[in-house]
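Topology and contacts: notes
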Amino acid sequence: MAVKEYNLLAFYQQYIKDTAKGKRTKPNGELIKPQSVNNYNYTFNLLQEFEQLYEYPLRIKEYSRLNSRERVSEANYWKKFNQKFMNYLYSYRKVYDNYAGTVVKQIKAFFRYVNNERLIDTGPYYKSLKAMKEEVPVTALSRENLIQLIYDKEFEQLLAPNLQISKDMFVFGCTVALRFSDLSALISANFELQDGQWYMKTLSKKTKTYVTVKLPAYAVDILLKYRTNTKKPLFRKISLLNFNKHLKLLGEQMGLIQPVIRARSRKGIIQDTKEKAPRFCDLMSSHLMRRTAITNMLTLGMPEVLIKHISGHIGNSKSFYRYVNYSQAYMNTELDKVYANMGA
């Protein structure tokens with residue numbers, strides 16, 4: 001009796017549809033975001049192109065119905081797939097390790113869906129699919145540059161009105177470590193005056209964590225500048241795309257045009273990309289707010305457990321440390337302390 005064979009791409013399309021319609025959720029029952037669905041579509045397109053380009057039919061066989069000889073053959077099929085698919089990603093698509101790793105991670109998630117929700121035993125082969133991982137340095141605004149944005153009123157007056165608003169949003173985000181989505185959703189009800197001190201109270205959309213943060217004087221100034229007695233957002237509505245464009249312009253006007261060298265790797269080997277290094281301002285985006293806030297809190301001695309509470313990271317979060325980017329000035333100060341103790 002022939003072993004039943006399934007078309008992998010057809011299953012992957014159903015996987016995407018189930019996710020988009022909310023039939024497939026996160027383990028806690030939360031809906032998967034549209035951006036993740038878009039990523040699944042990108043991976044589907046890669047698999048489809050790979051199948052056509054390499055003439056390598058993508059299919060799934062039920063592991064439980066395979067005999068010993070067929071299981072060895074199936075193991076060879078997936079070993080060969082991994083080799084060919086990695087060659088496709090690295091040699092044809094010219095991707096770097098992080099991108100390849102993300103694609104492999106999504107393919108593994110798809111196989112778990114087939115096993116757990118479609119109840120088709122695909123066998124253990126997908127677990128051997130691997131891709132290298134690279135550590136790409138993240139950028140954060142230095143404490144000195146943040147202070148300039150907060151207190152340099154002459155510089156502020158040189159900015160166009162829309163850039164001034166984005167600058168205030170950015171400074172506020174760099175202070176309270178909010179994501180852009182949470183920052184944009186702030187309304188007057190999120191702020192409370194207690195004993196002469198203003199506090200921000202929010203519920204993170206991503207982690208569902210309630211946080212109360214005491215605001216410094218400059219953040220209070222920004223709050224009172226935009227606060228109204230209505231339920232409208234604190235800051236004017238702006239798309240993430242335009243906000244990021246404003247930050248790049250803001251950085252350029254601040255003179256943050258120094259090149260940022262970023263080594264990229266393929267299969268663990270550092271590549272000589274021969275590409276012009278991007279300027280710091282070109283890398284400025286909404287993510288810079290959390291990185292800057294967390295970096296400053298850490299370098300100024302705030303305990304990690306409190307920072308994670310404010311930023312909404314869980315206790316053992318690996319992603320937390322990707323936001324950490326110690327400024328060169330801070331490193332110089334700490335190194336001076338070490339050298340002084342060494343008699344240098």
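Everything quoted here is computed from the prediction, not taken from an experiment. (Residues numbered from 1 in each chain as written. Predicted model: local features only at pLDDT ≥ 70, side-chain atom pairs only at ≥ 80, totals over all residues. Heavy atoms only, no water.)

The next point concerns the side chain of Ser-166. Examined against the element boundaries, Ser-166 turns out to sit in helix H7 (residues 161-176). Look past the residues within four positions of Ser-166 in its chain and what remains in contact with it is Ile-238, Phe-243 and His-246. (Helix = DSSP H or I, 4+ residues; strand = E, 2+ residues; numbered from the N terminus. Contact = heavy atoms within 4.5 Å.)

Let us now look at the nonpolar core. In terms of nonpolar packing, the biggest core is built from 52 residues, with Phe-170, Phe-172, Phe-191, Met-200 and Leu-215 touching the most fellow members. With eight residues, H7 is the single largest residue contributor to this core. Once residues within four sequence positions are removed from consideration, Phe-172 is found in contact with Leu-183, Leu-186, Phe-191, Met-200, Leu-215, Ala-219, Ile-222 and Phe-235. Ala-100, Val-104, Phe-111 and Tyr-126 belong to the second-largest nonpolar core, a separate cluster that totals 41 residues. (Core = buried A, V, L, I, M, F, W, Y, C linked by side-chain atoms within 4.5 Å. Buried < 20%, exposed > 50% of the residue type's maximum accessible area, 1.4 Å probe, protein only.)

With that settled, the discussion passes to empty space enclosed by the protein. Enumeration over the complete set of coordinates arrives at two cavities of 30 Å³ or more. Its boundaries defined by the atoms lining it, the second largest cavity holds a volume of some 30 Å³. Of all the secondary structure elements, the ones that give two or more residues to the lining of the second largest cavity are helix H1 (8-20), helix H3 (68-92) and helix H4 (97-116). (1 Å grid on protein atoms, 1.4 Å probe; cavity = no way out; pocket = protein on both sides within 12 Å on 5 of 7 lines; lining within 4 Å. Points joined across faces, edges and corners; volume = space filled by probe spheres on them.)

Turning our attention to the sheet that holds strand E4 (residues 197-203). Strand order in the open sheet formed by three strands is E3-E4-E5, and the pairing between neighbours is antiparallel. Where the open sheet ends on each side, the last strands, each with one partner, are strand E3 (191-194) and strand E5 (210-214). Between one strand and the next, the sheet's axes are offset by a mean angle of 25°, whatever the strand orientation. Taken together, the five bridges between E4 and E5 define a ladder with antiparallel strand orientation. By the bridge assignment for E5, Thr-202 is matched with Val-211. (Pairing = 2+ DSSP bridges. Axes fitted to C-alpha atoms, helices over the stretch in contact; angles between N-to-C directions.)

Bringing the pattern of salt bridges into the picture now. All told, the structure shown has ten salt bridges when counted by the stated rule. Put simply, Glu-156 and Lys-225 hold a salt bridge, and the shortest N to O gap is 3.7 Å. With Glu-156 in helix H6 (residues 153-157) and Lys-225 in helix H9 (residues 217-226), this pair connects stretches of sequence that are 69 residues apart. Assessed through its relative accessible area of 7%, Glu-156 is described here as buried. The shortest N-O distance in the salt bridge between Glu-252 and Arg-279 comes to 3.1 Å. With Glu-252 in helix H10 (residues 240-254) and Arg-279 in the loop between strand E7 (269-271) and helix H11 (287-299), the pair connects residues that are 27 residues apart, well separated along the chain. Here Arg-279 falls in the partly exposed class, since its relative accessible area comes to 28%. In the salt-bridge network here, residues are joined through shared partners; they are Lys-153, Glu-156, Lys-167, Asp-168 and Lys-225. (Salt bridge = Lys/Arg side-chain N within 4 Å of Asp/Glu carboxyl O.)

Below, the discussion takes up H1. Each full turn of the α-helix corresponds to 3.6 residues, which orients residues three or four apart in the same direction. Its 13 residues give H1 an end-to-end C-alpha distance of 18 Å, which sits within 8% of 18 Å, the value for a rise of 1.5 Å per residue. Within the span of H1, buried status applies to Leu-8, Leu-9, Phe-11, Tyr-12, Tyr-15, Ile-16, Asp-18 and Thr-19. Packing partners of the buried residues in H1 comprise strand E1 (5-7), helix H2 (34-54), strand E2 (59-61), H3 and H4. Capping the start of H1, Asn-7 holds a side-chain oxygen 3.0 Å from the backbone nitrogen of Leu-9, two or three residues further along. (Expected span 1.5 Å × (residues − 1). Polar contact = N/O pair within 3.5 Å; in protein donor to acceptor, adjacent residues only side chain to side chain.)

With that settled, the discussion passes to the environment of Thr-209. Topologically, Thr-209 is positioned in the loop between E4 and E5. On the basis of relative accessible area, Thr-209 is assigned to the partly exposed category, the value being 24%. Here the alpha-carbon distance between Thr-209 and Ile-310, two residues 101 residues apart in the chain, equals 8.9 Å.

On inspection of all chains with the given rule, the structure shows 29 aromatic pairs. Measuring from ring centre to ring centre gives 5.3 Å for Tyr-6 and Phe-11, while their planes differ by 35°; the resulting arrangement is tilted. Its relative accessible area of 13% is what places Tyr-6 among the buried residues. Seen in terms of ring centroids, Phe-180 and Phe-243 are 5.1 Å apart; in terms of plane orientation they differ by 35°. Their pairing is tilted. One end of the pair, Phe-180, is in helix H8 (residues 180-184); the other, Phe-243, is in helix H10, and 63 residues separate them in sequence. For Phe-180, a relative accessible area of 13% corresponds to the buried category. Sitting over the face of the ring of Tyr-63, Arg-71 holds its NZ or CZ atom 3.9 Å from the ring centroid. (Phe/Tyr/Trp six-rings, centres within 6.5 Å; stacked < 30°, edge-to-face > 60°. Lys NZ or Arg CZ within 6 Å of the ring centre and 35° of its normal.)

Among the surface-exposed residues, Leu-335, Val-338, Tyr-339 and Met-342 lie close enough to one another that they form a single nonpolar patch of about 380 Å² accessible area. Structurally, Leu-335 can be placed in helix H13 (residues 328-341). (Patch = residues over 30% accessible without salt bridge, like charges linked within 9 Å, V, L, I, M, F, W, Y side chains within 5 Å. Areas by Shrake-Rupley, 256 points an atom, 1.4 Å probe, with all protein chains shown as cover.)

Everything listed here is a matter of coordinates, which is why it stays silent on function.
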